[in-house]
Amino acid sequence: MNSFPPDHPAAPAEGIGFRVPPHNYEAEQALLGAILLSNRAYERVSEFLKPEHFADPVHGRIFATCGKLIERGQMANPVTLKTYFENDGGLAEIGGTNYLAQLANAVVSVINAEDYGKLIFDLHLRRSLIGMGEDMVNDAFSADLDTPAMDQIGKAEAKLYDLATTGQTEGGFEDFKTVLVGAIANAEAAHKRQGKLSGVPTGLIDMDGKLGGLHDSDLIILAGRPSMGKTALATNIAFNAAYAYKEEVDALGRKKGVDGAITAFFSLEMSSEQLAARILAEQAEINSHKIRQGEMSNEEFERLVVAAQNLHRLPLFIDDTPALSISAVRTRARRLQRQHGLGLIVIDYLQLLRGSSSSSENRVQEVSEITRGLKALAKELSVPVIALSQLSRAVEQREDKRPQLADLRESGSIEQDADVVMFVFREQYYLERAEPGQRPEESQEKFNERHAKWMQRCEEVYNTAEVIIAKQRHGPVGTVRLAFHGEFTKFGNLAASDHYEEPGF
């Protein structure tokens, strides 16, 4: 059964130095024979094995035809396949329809069908790698100035990851018993943690209490108007999650994170040095302006150095490449997860990302693609993704400047795709720019009363911020109050005694 004409792909190659792409025609024959003998063998391999994975195209066509018949509820055997292959020239070269009977008659057992399928798929991957390598060499030799070398590297990485994830057998249906065991394991892990959280901790007690931490597979939108502190809050959360990271080694020697998270921060607006300077200012509690201007005292500089030494092992990775596409974010996040692990992704900010197409004729459609891509990335890598977002100017036109879901810019898909939508709001920012003036014909006494109320309100909200949780798919909505120290760009927890009432003027 293994004899082939000289010009068939399976025929031995003549000559010295010629390397035949990796293949195993015997394994392909054994798998097809097992399927023809028992169609249930097809079910074991159909999820990951495709006709194009066979080295012999004729074998691929036989496999595809078997699949069509089985999916229709018909039997796939040499008799039913004969009609489809009577005029197949490729099959005629290796024995015609009699070859189908030879395949079925030569099989001893169908037990190893899945092993044959995995071997065929592995050899397909090896051939694909060879082809990709040849394409990379050819592309690198080409002098196409419209395609920079870095773009070629990005495309090669994307192809490699796609190849690595093609045909994976994970996923599919799980019985409820299996899912339930996983849910109990998550609850147990949360119970054992000091903070009793089921998700990645933000380090902000009231926010963690409202959210239960940042949950795997969730897309979290953190939105606000300029100067509200979106980047500062995202940086604080990223730092706190990375700082809290702890791992343990299981019985098999595998490392697993049990608290905190290895964090990826895509900073499309600020450079990595600026972001690092922010974190240093927060931790050393030195005015960030002083650091930029070099106006630190010797004592402050020593504090800065000590803070840097304490933070140099932080599992926080920063990518400050501007104008990244959603596909590039996906590729780089996947790579980081493979190399170091990954527990949290932060993107600053959503509107600076690009869709897969270079054309930006329909920005709403592009933003929709980006939010869908971020949600898909969160599910694929099973990590929370925090994406910062700008708000429309409609906020500024209202007397109450607190943001609403309708203020999200450019696309309703942001609200639709997000599991959590949070707004950062600092009333202090608006109050400082709205000192009341005396109105015409207003008595001095009345003006003094209004001004006193304004002063009182300024004191109440001084160095505070609100995080408004406007949407949470798995929990309550509401407002969380935080401390905010603008000179250090740092959010923190308010003392338990700090509370206030809504303004009444």
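Before reading on, note that the structure itself is shown above.
Just so it is clear, the model here is predicted, and its values are computed rather than measured.

A. The arrangement of the overall build of the protein in detail. Along the protein, the regular secondary structure elements total 20 helices and 11 strands. Expressed as a percentage of the 505 residues in the protein, the buried residues total 44%. Expressed as a percentage of contacts within the protein between residues at least 6 apart in sequence, the contacts between residues at least 24 apart total 69%. When the accessible surface of the protein is totalled, it reaches about 27900 Å², and 51% of it is carbon and sulfur.

B. How the structure looks around unusual backbone geometry. In this structure, the amide linkage connecting aspartate 348 to the following residue, tyrosine 349, adopts the cis form with an omega of 0°. By the secondary structure assignment, tyrosine 349 is in the loop between β6 (344-348) and α16 (363-381). Positive phi values are uncommon outside glycine, yet serine 227 reaches one of about 75°. Looking at where serine 227 falls in the secondary structure, it is placed in the loop between β1 (219-224) and α11 (230-243). Residue serine 227 is classed as partly exposed on the basis of its relative accessible area, which comes to 45%.

C. The packing of aromatic side chains, seen in detail. Under the defined criterion, the tally for this structure stands at 7 aromatic pairs. Ring centres 5.3 Å apart and planes at 45° place the aromatic pair tyrosine 42 and phenylalanine 63 in the tilted group. Of this pair, tyrosine 42 sits in helix α2 (residues 40-45) while phenylalanine 63 is found in helix α3 (residues 57-71), placing the two residues 21 residues apart along the sequence. Take tyrosine 42 and phenylalanine 63: they sit in the same class, and that class is buried. An aromatic cluster is present here, built from Tyr42, Phe54 and Phe63 joined pairwise through their rings. We note lysine 401 situated over the ring of tyrosine 430; from NZ or CZ to the ring centre the distance is 5.8 Å. Lying across the ring of tyrosine 429, arginine 433 places its NZ or CZ 3.8 Å from the centre.

The rules behind the values
Residues numbered from 1 in each chain as written. Predicted model: local features only at pLDDT ≥ 70, side-chain atom pairs only at ≥ 80, totals over all residues. Heavy atoms only, no water. Helix = DSSP H or I, 4+ residues; strand = E, 2+ residues; numbered from the N terminus. Buried < 20%, exposed > 50% of the residue type's maximum accessible area, 1.4 Å probe, protein only. Contact = heavy atoms within 4.5 Å. Areas by Shrake-Rupley, 256 points an atom, 1.4 Å probe, with all protein chains shown as cover. Phe/Tyr/Trp six-rings, centres within 6.5 Å; stacked < 30°, edge-to-face > 60°. Lys NZ or Arg CZ within 6 Å of the ring centre and 35° of its normal.

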